[in-house]
Amino acid sequence: MARTKSPKSEIERVQERALDALAQLGGSTTSEDDILFEGQKFILPATLGGDLRQAIRLLERKHAEEEKEFAFSHQFKYRPLDGAVATGNVIKDLFGMTLGKAIQTFFGEDPPKLIDVAVGVDETVQAPWGAMEVPGLPGLTLYLDSAVDAELGQVFQLHGEGPRKYRFIIDGLFKAIEVELARNSIYRGKAITGQPKPNFLDLSSVNPATVVYSDDVLAQLTAEVWTPIRKADQLADLGEPGKRTVIFEGPYGTGKTLGAYLTALEAVEAGWTFLMVRPGRDDLESALATARMYQPAVIFTEDIGTQASEGSAEHMARMLDLFDGLDTKGLRLITVLTTNNVETLHPGMLRPGRLDAVISIAGLDLPGVRKLAHVVFGERKLAKDIDWDKVFLANEGYTPAFIREGFGRVIRYQLARGDSSTVTTDDLVHAANGLRAQYDLMVNAAAPKDRDPSFKELVVGAVEEAASGLALVVSDDDITFKVVPGQHDSKHYESARR
């Protein structure tokens, strides 16, 4: 009695459809060694002439080849954790599950891994890592790993081994993961930090309506930074390059960092990636590589003066090479640098072609002071007859941070006169004047102090005075001198030698 074949379960049918879809995506309908594969059918070459023995031998040879161990590997130009999340998503979408795999090591069994991956502010998902099986493909082991790309640094790599017959399915899996990364990367279009394993920036507290710049600064920020983000396609059509470098310069407390967060909002709104490179914590070269991966992108780094000053020629040369070495073809990358001491920058950083704009973010103009007051106090608390010229004069020289601090002290002056319901001109002026001594102390503390001459400088001065016919040779470790022909004076020489 013939045995009836048991019906396939729903899970088996899902796996079969998923594997067939991956095989077709991987190109299974192709000719190889005179055998044509079309789905589950084999079309044998006509040259066999109906010889079943030859057909059987050919199929047996093909079967043996298909069962041989096959090694495969593919690198994805995305950061490793991004690739892990995408792989997990593809496997779950196709099969409804992911299967980790334990690996035997010298130290015992290494269990399958699911790792927590940040995909947003205070938001994580679990993704597979290490060894993994694919449902319905016995004998196949995938390894989710990282590799080093010569230009981009750490990238995601998927490799493994299994029977050769799975090659079309594996190719299809690679393509499906590439599509998932292109559509749903966890980093592209987000605001992140510049380290190789980025964290996400919380922009929820940034409110553009409360940010105040002078009219001139606001116009420059809009034209030089935000418009190239908002109108990238139009500018490209007009022949404008997609690569730009801008410097925000100005003293502490003027709003350079705030400008970065406003730029981050603009970038995310437009679908651009924003990278914040934190001094002393993130590597600029690695962040530039991440920006190229996830472009269009804005990369922001503070205190460039500490990195690009003339004091470190070797480091400066490397930084200039970073900017010049970028392949600008098809590149959409805006680099924003800040400095508190623009005069210390290496001249090579400032030449046209390397730098597109310098935006000086300094104190507020009178309209800016007035707008900031309305932001801080609101229309209802400000007296109608405020003398804004007088208020502006009282805040002369202050950075926006100092002006805001003065506005914060107004309540005490209101209470001192017995009325906290309305802010008057005198309240604003007295609060500003109350900050003047503190501001002057800060400015004077920041100014370079006269210092006593070093021992080396004293010796050099003495030698120069005593030996008018000698040429000094000063190094880091020693001071020597040589006689200038025709000018040697033995009396001066003896004096200098002593």
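In the block above lies the structure referred to throughout.
The structure contained in this document is the topic of the report that follows. (Residues numbered from 1 in each chain as written. Predicted model: local features only at pLDDT ≥ 70, side-chain atom pairs only at ≥ 80, totals over all residues. Heavy atoms only, no water.)

Considerations on the nonpolar core
In summary, soluble globular proteins display a tendency toward joint burial of nonpolar side chains. Note the cut-off: Take the buried Ala, Val, Leu, Ile, Met, Phe, Trp, Tyr and Cys residues and link them wherever side-chain atoms come within 4.5 Å; each set so joined is a nonpolar core. Burial status follows relative accessibility: with a 1.4 Å probe on protein chains alone, a residue under 20% of its type maximum counts as buried, one over 50% as exposed, and anything between as partly exposed. Any pair of residues with heavy atoms lying within 4.5 Å of one another is described as a contacting pair.
By size, the foremost hydrophobic cluster in this structure holds 50 residues, and its most contacted members are Phe 76, Leu 158, Ile 177 and Ile 299. Beyond its immediate sequence surroundings of up to four residues, Ile 299 is in contact with Leu 275, Val 277, Leu 284, Ala 287, Leu 288, Leu 333, Ile 334, Thr 335 and Val 336. Of all hydrophobic cores here, the second largest spans 28 residues; its members include Ala 191, Phe 274, Met 276 and Ile 361.

As for the pairing of strand S8 (residues 113-120)
Short version of the rule: At least two DSSP bridges between two strands are required for those strands to pair. Only runs of H or I of at least four residues qualify as helices and only runs of E of at least two qualify as strands under DSSP, and these elements are numbered from the N terminus.
Sheet analysis places S8 next to strand S9 (residues 123-133), joined by 7 bridges and oriented antiparallel. Along S9, the bridge assignment pairs Lys 113 with Trp 129.

Some thoughts on the sheet that holds strand S14 (residues 273-277)
Quick reminder of the rule: An axis is simply a line fitted to the C-alpha atoms; with a helix, the fit covers only the stretch in contact. Between two such axes, the angle follows the N-to-C directions and lies from 0 to 180 degrees.
The 6 strands are arranged S12-S14-S15-S16-S13-S17 in an open sheet whose pairing can be described as parallel. Two strands lie at the open edges of the sheet, namely strand S12 (191-193) and strand S17 (357-360), each paired on one side alone. Taking each pair of neighbouring strands and ignoring which way they run, the sheet shows an average axis angle of 20°. Helix H7 (residues 256-269) rests against S12, strand S13 (243-249), S14, strand S15 (297-301) and strand S16 (333-339) of the sheet, and its axis sits at about 155° to S14.

Some points on the pattern of salt bridges
The condition that has to hold: Any Lys or Arg side-chain nitrogen located within 4 Å of an Asp or Glu carboxyl oxygen qualifies as a salt bridge.
Per the stated rule, a full pass over the model turns up 8 salt bridges. Residues Glu 224 and Arg 244 are paired through a salt bridge, measuring 2.5 Å at the closest nitrogen-oxygen approach. Of this pair, Glu 224 sits in helix H5 (residues 215-230) while Arg 244 sits in strand S13; the two residues are 20 residues apart in sequence, bridging distant segments of the chain. Among the ionic pairs, Arg 417 bridges to Asp 427, the shortest N-O distance being 2.6 Å.

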